[in-house]
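Chain by chain, the residues:
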Amino acid sequence: MGNTSSAFIGSESAEIKKNNRRPALSRAMYAMRNTKLASFDIFDTLLLRPFSDPKDLFYILGEKFNEMDFYNLRIRCEKEARDIKEELYGNREIDIYDIYRRIQYYTGIDVEYGVNTEFETEMDLIYPNDYQKYIFNTFINNRVPVVLTSDMYYPAEMIEVLLRNNGFTGYEKIYVSCDKECAKSDGTLFDCVAMDYEEIPLNLITHIDDNWNVIVKAREKGINTVHYARNTSLTNKYRPKYMSAMVGSAYRGIIGNYLASDESTYSVPYEYGFTYGGFLILGYCSYIHEICVEEKIEKVFFMSRDGDIIKQVWDYMYNDIPSEYLLISRACVMRLSADVWKKMFIENAVDRMSTRRNKKNVGQILDYCELTDLKDDLQQYGLTTDMIVSQSENSSVVSLFRDFMENHLDKIRDKYKESNTIYENYLERLISSVDSRLALVDIGWRGVNGTTLSKVIKKLRPEISTTNFIVGGRQPVNLPQIRNGDIRCYMFSAEKNYGALENHKEKTNFYYELLTMSATSSFQYFYHDRSGRVRMKCSSVTPADYDKIKEIQRGILDFVKEYTFRFRKYPSFYKISADDVAQVLYNVMSKDEYFTKYFSDLNYSPELGNEDKSKFGEWI
């Protein structure tokens, strides 16, 4: 998709620590053990912004001011203000008011209003770097004086508010370039510090900064330094380059600050959930919620098992529309479709069986469908139990078996009547609180489960209309339902976001489903035991390593919590375009090695009737 970045194969956080870019706090403090005066940079060191580039804050300001291309105007006005200052006074150190005087010249935006709006936006979004906060507090607790030095256009009194709001207190002085009219970038701001603390030798002063050029200038002065590389500079190379400006910057910023700010390391499954899955599920839930509000959906049902983590995220983000976890599966849908959707029953029990990778014979299919009683009738159709049902090997057997199943549909319905009746009672209880509109949520790909359920619901409650949500649709079989709104695709379909559809291959289904795999066995159907109690049959196919699945889900939830908390005052950032998600996912999904190396041992059942516990790696 024209994206030149390359996802890291492994744990990014572990790689960062392996290269000593974020040494353990104890090691960092030991290296500064002789320090008599500690100097900290402020922005991107003590204080973090949830963006890949600090200037991306200007996009939000453009929204607030309703000013086109404010991003570039803000950059230009800062440069012009510095040029004017240099021409008049011989230095380039300006404050925020100088910048907004230039902005006022071009736009008419009131200077005080502009300054206050920008600063309040910073207040909303800036948060503390806990790694540096620990070092900062350790110096103060050990009675080592601390000063703060910053090349910044905010005056000290404004920066003090930001620091206080983020828990930074106890420092002695702040040296800001716009106040002192000198800068770290040329080393002169360090002269101000040295003058005020002339009793302390320069080699016993330690300065911590994210800017390498500043580190070089401090060292030229004889000051001890610690380079704390900007978090996103360590992680941006693994992120997609081509995303929408605001959400793309937010995504890269959240990932970089979370994975790289301290010495923490995370497992590959956790990072797969945090780095890739969280972005998808958050965007998907936001998409679903927006439509549900518009269409006055009364209740949202998340279909098992893919709906497990989606419902967890939904319940964390929203409480205005009730939700329910709905037991369903391909096996259950096959039984239900025998009653409400003959075409789909035949397709599931015969046609799709005849094109699958792991070929089955007639007897195996009947056993799986729990229709062994029908074996006695095979002979009159010229069929035997050992005949392979394969379109490529013997299409005549497929045709005969299709006729056999169609002509025995009444018997099949009788066989499934008990389980279908129990399921209908179960479903009727769940939808009893719905008057007219509900939503069914799945991940994809044809929308058969949701469409079958819609038919059952229509049978039970004709007055209820359903909307089916899926992440993507691979084939155009559901195009009419997509066009009329019965099925809503978040990312791609035969007519939406075709670039993503073109890049979607069958095996990438598994990569998506790995993100939404549940650490539970699959529900099959309900039945009555000998005492008449309702029981639930589950599949024997379960993930081999529940811990990996739980780690993926934990990573997804942690991303959602981190992202929504940082942008809690800007919920427009929750609206994530399908193309942005596609850029993120296909950045990693192009790396088969990533999945074969870390997830190939998981048991996976991608096909109806696949009970042989095949490995995930076999499907890549």
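Refer to the preceding data block for the structure.
Summary of the structure given here. Numbers given to residues run from 1 along each chain, matching the order in which its sequence is written. Only residues with pLDDT of 70 or above have their local features reported here, since the model is predicted, and side-chain atom pairs are shown and tallied only from 80 upward, although totals for entire chains, interfaces and linings are computed over all residues. Hydrogens and water are ignored here; the side-chain numbers use all heavy atoms of the structure.

Turning our eyes to something else, we now look at the packing of aromatic side chains. Centre distance within 6.5 Å is the pairing criterion for rings of Phe, Tyr and Trp, where only the six-membered ring of Trp is used; planes under 30 degrees apart are then read as stacked, over 60 as edge-to-face, and the remainder as tilted. Under the counting rule described, the total for this entry stands at 54 aromatic pairs. Where Tyr511 meets Phe595, the ring centres are 3.7 Å apart and the plane angle is 5°; that geometry is what we call stacked. Of this pair, Tyr511 sits in helix α24 (residues 506-516) while Phe595 sits in helix α27 (residues 592-598), and the two are 84 residues apart along the sequence. Summary of the burial criterion: residues with accessible area below 20% of their type's maximum are buried, those above 50% are exposed, and those between are partly exposed, where the area comes from a 1.4 Å probe applied to protein chains only. Residue class for Phe595 comes out buried when judged on its relative accessible area of 0%. Above the plane of the ring of Tyr106 lies Arg76, whose end atom (NZ or CZ) is 4.7 Å from the centre. Only lysine NZ and arginine CZ atoms are considered, and such an atom sits over a ring when it is within 6 Å of the ring centre and within 35 degrees of the ring normal. It is Arg335 that lies over the ring of Tyr525; its NZ or CZ is 3.6 Å from the centre. In this description a helix means any DSSP run of H or I spanning at least four residues, a strand means any run of E spanning at least two, and both kinds are numbered starting from the N terminus.

Before going further, it helps to spend a moment on the sheet that holds strand β1 (residues 37-40). Note on pairing: two strands pair once DSSP finds at least 2 bridges between them. What the five strands build is an open sheet, ordered β5-β4-β1-β6-β7; its pairing is parallel. In the strand order of this sheet, the two ends are held by β5 (173-176) and β7 (224-227), each with one partner. Each strand axis lies, on average, 20° off the axis of its neighbour in the sheet, ignoring direction. Where strand β4 (residues 146-150) meets β5, four bridges bridge the pair, whose relative direction is parallel. Residue pairing across strands places Ser150 opposite Val176, the latter belonging to β5. Any two residues having at least one pair of non-hydrogen atoms within 4.5 Å are treated as being in contact. As a rule, the C-alpha atoms of each element are fitted with a line to give its axis, helices using only the stretch in contact, and angles between N-to-C directions run from 0 to 180 degrees. Across the face of the sheet, helix α8 (residues 156-165) comes into contact with β4 and β5 while running at roughly 125° to β5.

Here we come to the pairing of strand β12 (residues 487-492). On any regular strand, side chains alternate: one points to one face of the sheet, the next to the other face. The buried fraction of β12 is high, at five of six residues. Strand direction decides the pairing type here: strand β11 (residues 465-472) and β12, joined by four bridges, are parallel. By the bridge assignment for β12, Ile470 is matched with Cys489.

Their axes nearest at 9 Å, the elements helix α5 (residues 96-107) and helix α6 (residues 111-125) cross at an angle of 125°. Between α5 and α6, the angle falls in the class oblique. Crossing of α5 against α6: the hand is right-handed. Packed against α5, whose contacting residues are Ile96, Tyr97, Tyr100, Arg101 and Gln104, the element α6 presents Val111, Glu112, Gly114, Val115 and Glu118 at the interface. The classification used treats Ala, Val, Leu, Ile, Met, Phe, Trp, Tyr, Cys and Pro as nonpolar, Asp, Glu, Lys and Arg as charged, and all other residues, Gly among them, as polar. Per-class residue counts for the contact of α5 with α6 are five nonpolar, two polar and three charged. Convention used here: angles under 35 degrees read as roughly parallel, angles over 145 as roughly antiparallel, angles from 65 to 115 as roughly perpendicular, and any remaining angle as oblique. What makes a crossing left-handed is the near helix being turned counterclockwise from the far one by less than a right angle; a clockwise turn instead makes it right-handed.

Take the sheet that holds strand β9 (residues 323-326) next. With respect to topology, five strands assemble into an open sheet ordered β9-β8-β10-β11-β12, the strand pairing being parallel. A single partner strand is all that each edge strand has here, and the edge strands are β9 and β12. Strand-to-strand twist of the sheet, defined as the mean angle between neighbouring strand axes without regard to direction, takes the value 20°. Alignment of strand β10 (residues 437-441) against β11, held across five bridges, turns out to be parallel. Looking across to β11, one finds that Arg437 is bridged to Ser465.

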